[in-house]
Amino acid sequence: MTPMTAAQKQRYSRQIMLAGLGAEGQEALLDARVAIVGLGALGSFQAAALARAGIGHLALIDRDYVELVNLQRQWLYEEADAQEALPKAIAAARHLARVNSEVRLTAHVADLTADNIAELLEGAELILDGTDNFETRYLINDYAVRQGLPWIYGAALGTYGLSMPVLPGRTACLKCLYPSPPQGAPPTCETEGILNAVTSAVASLQAAAALKILAGQAAALEPRITTLDLWTGEIRQIRQPGPQPGCRACGERRFEHLEGAGRDPITLCGRNAVQIHQRAGPVDLAELKRRLAPLGEVRANEFALRFSTPPYQITIFPDGRAIIQGTTDPGVARGLYARYVGG
Ligand SMILES: [Zn+2]
């Protein structure tokens, strides 16, 4: 472990003073590598908390771009990010670099899939869940259990939230508790709304568990499932069960989500939008801009191209992935993609 400089001792002094963290814990944080998957309300708060705490390396992974409707609860972003339609991973990295220039930041504008998870999470010793869907959480769970890495589950909707650490070999994993996704159509962010304070509360619980584990205090962490409703003020905790023997992931070590194709177009949570995976392969955004210019309004920067053809808006990333706004019908989205992008 690298010894701290005098400036670091000063900068992190309020944290080093904490019993249970200390200079040794801080040195571990400075060397730590963490991946944050999803940089919405939960992930952007986690990222800021960990960057301020002096985590050595943060991998920031998100598939989406900033919109005005995000700003009510997505702590890192500003109006200018939404105006530029910056990918969240890029906007987050820019802001965090100003918060703590010592942290090494890697921004990945990508949807985490079975195909890229090993590459995007490479080297991470802990994973923070900032996602909004079970599909990605199962993927994270399979990967973390297979690699023996801790990950911290978190979810928030309405005025309600939940957090839970998954420590492979010691606690139940996500698949132990939910062998299949919870039944019934889950309410979306759009229909339910969300209280911003509940997202920061859940993200704080996740960040605290992460810091404790990364500081070398995992053995002292009492794994609990915490549920809270910040409108009624009700907070509950139950002791987290241990690994369940029949679990497909941590019991039988069958990691079906890591083998899954997961490439069908998917409707994005509360977005009136469909995501199309990289069908066309890498796309030359400048060339595409020239091609689309006669057909409608088109704007592009190095991170994304946005093409408007009312009532639809198509955002294309350099890897060929696209988000088609204005529909929740995968067939319509596929058709628009084929017409304007190709593939
Ligand atoms: Zn399990």
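Residues numbered from 1 in each chain as written. Predicted model: local features only at pLDDT ≥ 70, side-chain atom pairs only at ≥ 80, totals over all residues. Heavy atoms only, no water.

Caption draft 1: Fine view of the overall build of the protein. Along the protein, the regular secondary structure elements total 14 helices and 14 strands. Taken over C-alpha atoms, the radius of gyration comes to 20 Å for the protein, in line with the 20 Å a tight globule of 343 residues would show. The principal-axis extent of the C-alpha atoms belonging to the protein is close to 65 × 50 × 40 Å. Out of the 343 residues in the protein, the part that is buried amounts to 53%. With the model as given, the accessible surface of the protein reaches about 15300 Å², and the carbon-plus-sulfur share is 52%. Separation of charge centres in the protein, based on 33 positive and 35 negative side chains, amounts to 1 Å. (Helix = DSSP H or I, 4+ residues; strand = E, 2+ residues; numbered from the N terminus. Rg over C-alpha atoms; globule rule 2.2 N^0.38 Å. Buried < 20%, exposed > 50% of the residue type's maximum accessible area, 1.4 Å probe, protein only. Areas by Shrake-Rupley, 256 points an atom, 1.4 Å probe, with all protein chains shown as cover. Lys, Arg positive; Asp, Glu negative; His and termini not counted. Charge placed at Lys NZ, Arg CZ, Asp CG, Glu CD.)

Caption draft 2: Highlighting the coordination of the zinc ion. Looking at the metal site, the zinc ion is ligated by C173 (SG), C176 (SG), C247 (SG) and C250 (SG), spaced 2.2 to 2.3 Å from it. The sequence pattern formed by the donor residues of the zinc ion is C-x2-C-x70-C-x2-C. One end of the pair, C173, is in the loop between β6 (160-166) and α9 (174-177); the other, C247, is in the loop between β8 (234-239) and α12 (256-259), with 74 residues separating them in the sequence. (Donors = N, O, S within 2.8 Å, 3.2 Å for Na, K, Ca; no water.)

Caption draft 3: Inspection of the packing of helix α4 (residues 41-53) against helix α11 (residues 196-217) at higher detail. At a minimum axis separation of 9 Å, α4 and α11 run at an interaxial angle of 40°. Our classification of the angle between α4 and α11 gives oblique. At the point where α4 passes α11, the crossing takes the right-handed sense. Residue-level inspection shows A41, L42, F45, Q46, A49, L50 and A53 of α4 in contact with α11, the latter providing T199, S200, V202, A203, S204, Q206, A207 and L211. For the contact of α4 with α11, the residue count by class is 10 nonpolar, 5 polar and no charged. (Axes fitted to C-alpha atoms, helices over the stretch in contact; angles between N-to-C directions. Parallel < 35°, antiparallel > 145°, perpendicular 65-115°, else oblique. Left-handed = near helix turned anticlockwise from the far one by under 90°. Contact = heavy atoms within 4.5 Å. Nonpolar A, V, L, I, M, F, W, Y, C, P; charged D, E, K, R; others polar.)

Caption draft 4: Summary view of unusual backbone geometry. Residue P311 follows P310 across a cis peptide bond; omega there is 5°. On the secondary structure map, P311 appears in the loop between β12 (305-309) and β13 (312-316). Backbone geometry places A85, a non-glycine residue, at a positive phi of 50°. The phi dihedral of R253 is positive, around 55°, even though this residue is not glycine.

Caption draft 5: The arrangement of the nonpolar core in detail. With 39 residues, the main nonpolar core has V34, I55 and L58 as its most contacted residues. Sort the elements by how many residues they give to this core and α11 lands first, with 7 residues. Apart from residues lying up to four places away in sequence, L58 is in contact with V34, I36, A47, L50, A51, V103, R104, L105 and T106. (Core = buried A, V, L, I, M, F, W, Y, C linked by side-chain atoms within 4.5 Å.)

Caption draft 6: Region of the structure containing the sheet that holds β6. Ordered in space as β3-β2-β1-β4-β5-β6-β7-β8, the 8 strands form an open sheet in which the pairing is mixed. Every interior strand has two partners, whereas the edge strands, β3 (104-109) and β8, have only one. On average, each strand axis in the sheet is inclined to that of its neighbour by 15°, with strand direction left out of account. Relative to strand β5 (residues 151-157), strand β4 (residues 126-129) runs parallel, the two sharing 2 bridges. Bridge pairing in β5 links I127 to W151. Along the sheet face, helix α8 (residues 134-147) touches β1 (33-37), β4, β5 and β6 and points at about 165° away from the line of β5. (Pairing = 2+ DSSP bridges.)

Everything listed here is a matter of geometry and, on its own, says nothing about what the molecule does.
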